[in-house]
Amino acid sequence: MMDLLGYGAFFLTTALILSLVTLGLNLQWGLTGLFNVGVAGFVAIGAYTSALLTTPDDAARLGGFGLPILVGWLGAMLVGGVAAALTGIATLRLRSDYLAITTFGVAVVVQLVALNAQKLTGGPFGIGFIPRPFGGLAETPLLFNLSNLAVVSMVTLIVYLALEHLSRSPWGRVLKALREDERAAISLGKSARFYRVQAFAVGGAIMALAGALQAHFTGFIAPDNYLPALTFQVWVMLIVGGSGSNTGAVVGSILVWAIWAGSGALTSVLFSPEQQARAASLQIVAIGVMLCVILLVRPNGLFGDRPRRAKFGKRAKEAPGESIAKS
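### Quick word on the overall build of the protein chain
In step 1: On a plain count of helices and strands, the protein chain comes out with 14 helices and zero strands.
In step 2: Start at the N end of the protein chain and walk to the C end: the helices and strands fall as α-α-α-α-α-α-α-α-α-α-α-α-α-α.
In step 3: Relative to the compact-globule value of 20 Å for 327 residues, the protein chain shows a C-alpha radius of gyration of 22 Å, a close match.
In step 4: Along the longest, intermediate and shortest principal axes, the C-alpha atoms of the protein chain span 80 × 50 × 35 Å.
In step 5: The 327 residues of the protein chain split such that 46% are buried.
In step 6: Excluding contacts between residues fewer than 6 apart, the proportion of contacts in the protein chain whose partners are at least 24 apart in sequence is 76%.
In step 7: A total accessible area of about 17,100 Å² is found for the protein chain, and carbon and sulfur atoms account for 69% of it.
In step 8: Side chains of the protein chain give 23 positive and 14 negative charges; the mean places of these two sets differ by 12 Å.

### Re the packing of aromatic side chains
In step 1: Counted under the stated rule, the structure contains eight aromatic pairs.
In step 2: Taken together, the ring pairs connect Tyr 7, Phe 10 and Phe 217 into an aromatic cluster.

### Focus on empty space enclosed by the protein
In step 1: Within the structure shown, the criterion is met by one cavity of 30 Å³ or more.
In step 2: Of the volumes computed, that of the largest cavity is approximately 50 Å³.
In step 3: Secondary structure elements with two or more residues in the lining of the largest cavity: α6 (141–168) and α9 (192–218).
In step 4: For the lining of the largest cavity, the residue count by class is six nonpolar, two polar and no charged.

### Section: the packing of helix α1 (residues 2–31) against helix α7 (residues 170–180)
In step 1: Two elements in contact, α1 and α7, have axes whose closest approach is 9 Å; the angle formed by their N-to-C orientations is 50°. With respect to their mutual orientation, α1 and α7 come out oblique. Facing α1, whose interface residues are Leu 27, Trp 29, Gly 30 and Leu 31, α7 presents Trp 171, Gly 172, Leu 175, Lys 176 and Arg 179.
In step 2: Among the residues making up the contact of α1 with α7, the classes are represented as five nonpolar, two polar and two charged.

### Regarding helix α10 (residues 228–241)
Residue pairs three or four apart in sequence face the same way in an α-helix, which turns once every 3.6 residues.
In step 1: Between its terminal C-alpha atoms α10 stretches 20 Å, which fits the 20 Å expected from 14 residues at 1.5 Å a residue.
In step 2: Among the 14 residues that make up α10, 10 are buried, leaving the element largely enclosed by the rest of the structure.
In step 3: Of all the positions in α10, only Leu 230, Thr 231, Gln 233, Val 234, Trp 235, Val 236, Met 237, Leu 238, Val 240 and Gly 241 are classed as buried.
In step 4: Buried positions along α10 lie against α1, α2 (39–54), α11 (246–270) and α13 (282–297).
In step 5: Phi turns positive, to about 120°, at Gly 242, one or two residues after α10.

### Quick look at unusual backbone geometry
In step 1: Although it is not a glycine, Phe 129 adopts a positive phi angle of roughly 60°.
In step 2: Among the residues examined, Phe 129 registers a relative accessible area of 74% and is labelled exposed.
In step 3: Of note in this structure, Phe 134 is not a glycine but carries a positive phi near 60°.
In step 4: Relative to the elements of secondary structure, Phe 134 occurs in the loop between α5 (118–121) and α6.

### Observations concerning the nonpolar core
In step 1: The biggest cluster of nonpolar side chains holds 77 residues, and the ones touching the most others in it are Leu 20, Val 39, Val 159, Ile 221 and Tyr 226.
In step 2: Setting aside anything within four residues of it in sequence, one finds Leu 20 in contact with Val 155, Thr 156, Val 159, Ile 206, Ala 210 and Leu 213.

### Considerations on a nonpolar patch on the surface
In step 1: Together, Leu 282, Val 285, Val 289, Val 293, Leu 296 and Val 297 make up an exposed nonpolar region whose accessible area comes to about 570 Å².
In step 2: Of the residues examined, Leu 296 reaches a relative accessible area of 72% and is grouped as exposed.

### Let's talk about the side chain of Thr 13
In step 1: Relative to the helices and strands, Thr 13 is located in helix α1.
In step 2: Polar contacts involving the side chain of Thr 13 include one to the main-chain carbonyl oxygen of Ala 9, which spans 2.7 Å.
In step 3: With near-sequence residues (within four places) excluded, Thr 13 lies in contact with Asn 145, Asn 148, Leu 149, Val 152 and Phe 217.

### Brief notes about the side chain of Ser 263
In step 1: With respect to the secondary-structure elements, Ser 263 resides in helix α11.
In step 2: A polar contact is formed between the side chain of Ser 263 and the backbone oxygen of Trp 260, at a distance of 2.9 Å.

### Considering the pattern of salt bridges
In step 1: Throughout the structure, instances matching the rule amount to four salt bridges.
In step 2: A salt bridge links Glu 164 to Arg 168, with the shortest nitrogen-to-oxygen separation between them at 2.8 Å. In this pair, Glu 164 and Arg 168 are both assigned in helix α6, four residues apart and thus about one turn of the helix distant.
In step 3: Take Glu 164: its relative accessible area is 16%, and that puts it in the buried class.

### Concerning α1
In step 1: An ideal rise of 1.5 Å per residue puts 44 Å on 30 residues; α1 measures up with 41 Å between its terminal C-alpha atoms.
In step 2: Maximal helix bending in α1 amounts to about 35°, located at Leu 25.
In step 3: Along α1, 21 of the 30 residues are buried, which leaves the element largely enclosed by surrounding structure.
In step 4: Gly 33 sits one or two positions beyond α1 and adopts a positive phi of about 80°.

Calculation notes
Within every chain, residues take consecutive numbers counted from 1 along the sequence as written. Reporting in this predicted model follows two pLDDT cut-offs: at least 70 for local features of residues, and 80 or more for side-chain atom pairs to be given and counted; totals over whole chains, interfaces and linings ignore these cut-offs and use all residues. Where side-chain values are given, they derive from all heavy atoms of the structure, hydrogens and water being excluded. A run of H or I in DSSP counts as a helix once it spans at least four residues, and a run of E counts as a strand once it spans at least two, with each numbered from the N terminus. Within these notes, the globule rule equals 2.2 Å times the number of residues to the 0.38 power, and the radius of gyration is based on C-alpha atoms. When accessible area is computed with a 1.4 Å probe and restricted to protein chains, residues below 20% of their type maximum are described as buried, those above 50% as exposed, and intermediate ones as partly exposed. In this description, contact between two residues means that some pair of their heavy atoms is separated by no more than 4.5 Å. The method behind every accessible area is Shrake-Rupley, applied with a 1.4 Å probe, and residues are considered shielded solely by the protein chains displayed. Here Asp and Glu are counted as negative and Lys and Arg as positive; His is not counted, and neither are the chain ends. We put the charge of a Lys on NZ, of an Arg on CZ, of an Asp on CG and of a Glu on CD. Geometry of aromatic contacts follows a simple scheme: Phe, Tyr and Trp rings, the Trp one being its six-membered ring, pair when their centres are within 6.5 Å, and the pair is stacked under 30 degrees between planes, edge-to-face over 60, tilted otherwise. Think of a 1 Å grid over just the protein atoms. A cavity is a set of points where a 1.4 Å probe fits yet cannot get out, a pocket is an open set with protein on both sides within 12 Å along at least five of seven lines, and lining residues have an atom within 4 Å of a point. Grid points are joined across faces, edges and corners, and a volume is the space filled by probe spheres set on the points. By the convention adopted, Pro, Cys, Tyr, Trp, Phe, Met, Ile, Leu, Val and Ala count as nonpolar, Lys, Arg, Asp and Glu as charged, and the other residues, Gly among them, as polar. An axis is simply a line fitted to the C-alpha atoms; with a helix, the fit covers only the stretch in contact. Between two such axes, the angle follows the N-to-C directions and lies from 0 to 180 degrees. In what follows, roughly perpendicular refers to angles from 65 to 115 degrees, roughly parallel to angles under 35, roughly antiparallel to angles over 145, and oblique to any angle outside these ranges. Expected span, for any helix, means 1.5 Å times one less than how many residues it has. Residues grouped as a nonpolar core are buried Ala, Val, Leu, Ile, Met, Phe, Trp, Tyr and Cys residues, joined through side-chain atoms within 4.5 Å. For patch building, the residue pool is restricted to those with more than 30% relative accessible area and no salt bridge; the joining distance is 9 Å between like charges and 5 Å between nonpolar side chains (Val, Leu, Ile, Met, Phe, Trp, Tyr). Each salt bridge in this description consists of a side-chain nitrogen of Lys or Arg and a carboxyl oxygen of Asp or Glu lying within 4 Å of one another. Counting of polar contacts relies on pairs of N or O atoms within 3.5 Å, with two restrictions inside protein: one atom must be capable of donating a hydrogen and the other of accepting it, and residues adjacent in sequence are counted only when both atoms are side-chain atoms. A residue's bend is the angle separating two fitted axes: one through the seven residues that end there, the other through the seven that start there.

Rendered as structure tokens:
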């Protein structure tokens, strides 16, 4: 029973870290309509920034300042936000698929730098000895996982409430106006590029914070943690939960991660060790099937707005002239 509780806390901690990434993407895409396919890059920036700031000194690479964990998280948000702002300034003149290609290129560049800049990032060997919150409880897995779950839950709740407030504020309404009708928003004196860069920077800072949390939760990071598959996972989480809904971003993340982890555990039981490498692709299949089913039932996601359906009955039988006259 204790092991089950410990695994449940570990599972929820991982799911909530992913939900932070999804919340950042929801601000960019769901609220503003910015098609960011470089999610993994901004998560990696946050993870490496916090790791370099908080790890002990290491002669093999730069960094290792031994600062407190909280300073590492704040530094990750700052660097991630600045990187996203610079990316936005350079790319947000593009639209839809062109923007997607550009942001994907940014993520690939970040991953390649992490892989090859060994004096800075440790190269393919990654960075270890990252300080973990409540590291003294590591010998007691249940207490350790519950403590980390409490911290991650608090951070996720703060970010969620802040984004809910921002989405209802005048700033959020401008972003929605730009998403729905850019020309109308510009005609009211709003700078489309200025607001888009702000949304992109805030979303990137949230993704970087999630990367920092993950780095300190696991205690080790490597370039292989930030492959394009991470971006795929986060986009599926947002689509399943419902684009434009912060609640949907959190629920979708937990649901998709449950299916991802469950399918991985199932393949390890059903297939021999020699076949498990090939069977791992079944995780992608499971996510794809779930995505198709949800989109057939709820085209806008679990918490997205329901599409309006035509009303039948007496109102539908009215002549067009009558309905115009009534209006």
